[in-house]
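Structural overview for review
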Amino acid sequence: MSLTGAIVASGQEATTTAPGGGWYTSAQASSGQLLFNNYCAECHRPDLTGADGPALKGAAFLKTFGGQPLSELYGVEHTTMPAVNPGSLPASTLLPITAFILQQNGLPPGDVPLGETALTRTLPTAP
Ligand code: HEC
């Protein structure tokens, strides 16, 4: 079995523990940026500094969501956002958007796209 196969096969465990293993792929974050601009930027700004909604990057943001499983952030996005139509976006849209948010907060890219098995990973309080 290839290394990639081993990581995919062991799923959650590998993505939960891989140190410095990256959180998303750069391609995923790029597509997430386009989706973010469509669905989120009107209230959070394209650079995530916040407008009608709070900033989605920086120290305050990482203080809110850091030290907790990524599912906390993802859960907020999934159930309350976009504020105009909460819960309307599927995982196939929200995962790339989340990848983009993590990228903007300085978390490293890697070889494996952000997936639902990674939602158990603990977000750092600083990148
Ligand atoms: C119509 C405006 C609007 C849109 C569109 C919108 N948001 Fe929000 N967002 C808000 C507001 C307002 C809050 C604060 C809500 C609260 O505190 O109860 C918020 C809060 C959040 C939070 C919690 C931030 C924190 O520090 O607690 C996250 C995460 C978030 N939004 C992500 C998103 C994502 C991802 C999208 C796109 C899928 C999105 N939002 C689209 C207005 C919006």
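A quick note: this is a predicted structure, and the numbers were derived from the prediction, not measured.

Quick word on the site of the ligand
Around the ligand, a shell composed of 19 residues is seen, among which Tyr39, Cys40, Cys43, His44 and Met81 lie nearest. In this structure, a nitrogen atom belonging to the ligand sits 2.8 Å away from a side-chain N or O atom of His44. For the shell around the ligand, the secondary structure elements donating two or more residues are helix H4 (41-44) and helix H6 (70-80). Of the residues assigned to the shell around the ligand, the class counts are 14 nonpolar, two polar and three charged.

Things to note about the coordination of the iron atom of the ligand
Within the first shell, the iron atom of the ligand binds the protein through His44 (NE2) and Met81 (SD), at distances of 2.0 to 2.1 Å. Around the iron atom of the ligand sit six donor atoms; with metal-centred angles ranging over 86 to 179°, the donor geometry is octahedral. Linking His44 in helix H4 with Met81 in the loop between H6 and helix H7 (91-104), this pair joins segments that are 37 residues apart in sequence. A relative accessible area of 9% places His44 in the buried class.

A short note on the nonpolar core
Ranked by size, the top nonpolar core spans 27 residues in total, and within it Phe36, Leu70, Leu102, Leu114 and Leu123 carry the most contacts. Every element with two or more residues in this core is listed here: helix H3 (26-39), helix H5 (59-65), H6 and H7. Among the elements that make up this core, the one with the highest residue count is H7 (seven residues). Among residues more than four places away in sequence, those in contact with Leu114 are Trp23, Tyr24, Gln28, Leu70, Leu95, Thr98, Ala99 and Leu102.

Here's the deal with the packing of H6 against H7
Between two packed helices, both the angle of their axes relative to each other and the distance between the axes serve to describe the pair. H7 packs onto H6 with a crossing angle of 125° between their chain directions and a minimal axis gap of 11 Å. When the axis of H6 is compared with that of H7, the two are oblique. Crossing geometry of H6 relative to H7 is assigned as right-handed. Residue-level inspection shows Leu70, Leu73, Tyr74, Glu77 and His78 of H6 in contact with H7, the latter providing Ala91, Leu94, Leu95, Thr98, Ile101 and Leu102. A class-by-class count of the residues in the contact of H6 with H7 yields eight nonpolar, two polar and one charged.

Parameters and conventions
Residues numbered from 1 in each chain as written. Predicted model: local features only at pLDDT ≥ 70, side-chain atom pairs only at ≥ 80, totals over all residues. Heavy atoms only, no water. Near = heavy atom within 4 Å. Polar contact = N/O pair within 3.5 Å; in protein donor to acceptor, adjacent residues only side chain to side chain. Helix = DSSP H or I, 4+ residues; strand = E, 2+ residues; numbered from the N terminus. Nonpolar A, V, L, I, M, F, W, Y, C, P; charged D, E, K, R; others polar. Donors = N, O, S within 2.8 Å, 3.2 Å for Na, K, Ca; no water. Tetrahedral: all angles 85-135°; square planar, octahedral: opposite > 155°, others 65-115°. Buried < 20%, exposed > 50% of the residue type's maximum accessible area, 1.4 Å probe, protein only. Core = buried A, V, L, I, M, F, W, Y, C linked by side-chain atoms within 4.5 Å. Contact = heavy atoms within 4.5 Å. Axes fitted to C-alpha atoms, helices over the stretch in contact; angles between N-to-C directions. Parallel < 35°, antiparallel > 145°, perpendicular 65-115°, else oblique. Left-handed = near helix turned anticlockwise from the far one by under 90°.

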